[in-house]
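In case you want the letters, here they are:
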Amino acid sequence: MFATPEQIKGEFWLLGTLVAKPGFEDKVQESFTLIAKSVQSGAEPGTLHYITTRGVGEKSNKFTIIEKYTSPEAFEAHKATEVFKGLLAKGTDHIESMNVEFTQEF
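The sections below set out a description of the structure shown in this document. In this text, all values refer to a predicted model and were calculated from it rather than measured experimentally. (Residues numbered from 1 in each chain as written. Predicted model: local features only at pLDDT ≥ 70, side-chain atom pairs only at ≥ 80, totals over all residues. Heavy atoms only, no water.)

Regarding the overall build of the chain
Under the convention used in this document: Secondary structure follows DSSP: runs of H or I at least 4 residues long count as helices, runs of E at least 2 residues long count as strands, and numbering of each begins at the N terminus. Only C-alpha atoms enter the radius of gyration, while the globule expectation follows 2.2 Å times N to the 0.38, with N the number of residues. Accessibility here uses a 1.4 Å probe with only protein chains present; expressed as a share of the type maximum, an area under 20% marks a residue as buried, one over 50% as exposed, and anything in between as partly exposed. Any two residues whose heavy atoms approach within 4.5 Å are treated as being in contact. Accessibility throughout is a Shrake-Rupley quantity obtained with a 1.4 Å probe, and a residue counts as covered only by protein chains that appear here.
Looking only at helices and strands, the chain features four helices and four strands. For 106 residues, the compact-globule estimate of 2.2 N^0.38 gives 13 Å, and the C-alpha radius of gyration of the chain, at 13 Å, lies within 12% of that figure. Out of the 106 residues in the chain, the part that is buried amounts to 36%. Long-range pairs, those at least 24 residues apart, make up 75% of the contacts in the chain between residues at least 6 apart in sequence. As presented, the chain carries roughly 6400 Å² of accessible surface, and 55% of it is formed by carbon and sulfur atoms.

Points about the nonpolar core
Proteins that are soluble and globular tend to have nonpolar side chains buried together. Just so we agree on the cut-off: Nonpolar core, defined: a set of buried Ala, Val, Leu, Ile, Met, Phe, Trp, Tyr and Cys residues in which side-chain atoms within 4.5 Å join the residues together.
Among the nonpolar cores identified, the biggest contains 13 residues, and Leu18, Val28, Phe32, Ile35, Tyr50, Phe63 and Ile65 are the most heavily contacted of them. Elements represented by at least two residues in this core include exactly strand S1 (12–20), helix H1 (25–40), strand S3 (62–69) and helix H3 (82–89). In terms of residue count, the dominant contributor to this core is H1 (five residues). Phe12, Leu14, Ala74 and Phe75 belong to the second largest nonpolar core, which has six residues in total.

Some points on H1
Here is the rule: A helix is expected to span 1.5 Å multiplied by its residue count minus one. An arc is given here, and it is the one of the directions from the helix axis to the C-beta atoms.
Helix length check: H1, at 16 residues, gives a terminal C-alpha distance of 22 Å against a target of 22 Å (1.5 Å per residue), a fit within 8%. For H1, the set of buried residues is Glu25, Val28, Ser31, Phe32, Ile35, Ala36, Ser38 and Val39. Burial along H1 is one-sided: seen end-on, the buried residues are contained in an arc of 160°. For H1, the exposed residues lying more than 90 degrees away from the buried face are Lys37 and Gln40. Of the residues flanking the end of H1, it is Gly42, one or two places downstream, whose phi is positive at about 90°.

As structure tokens, then:
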């Protein structure tokens, strides 16, 4: 899966893009909505921002995820949640491709 690069210490951003398989766009959106609700509930205090967007028109199968974490450990806690594991479990059925990048502010 996505391991946090060893060089990251402290706060960081995750930028992800995901393309849903045809016919599964709404299911992918539902999964991201569940994750966002989990973050917003305060269940993940180390997740500072969790923003998801969905393309429009012929790009409606493309999702962009912008996340900010207090630490690599906070990201590990995010990945351990049931809602996150649920999205990954559906991965091969619902997801055509995925790209994840880690960045830090300067």
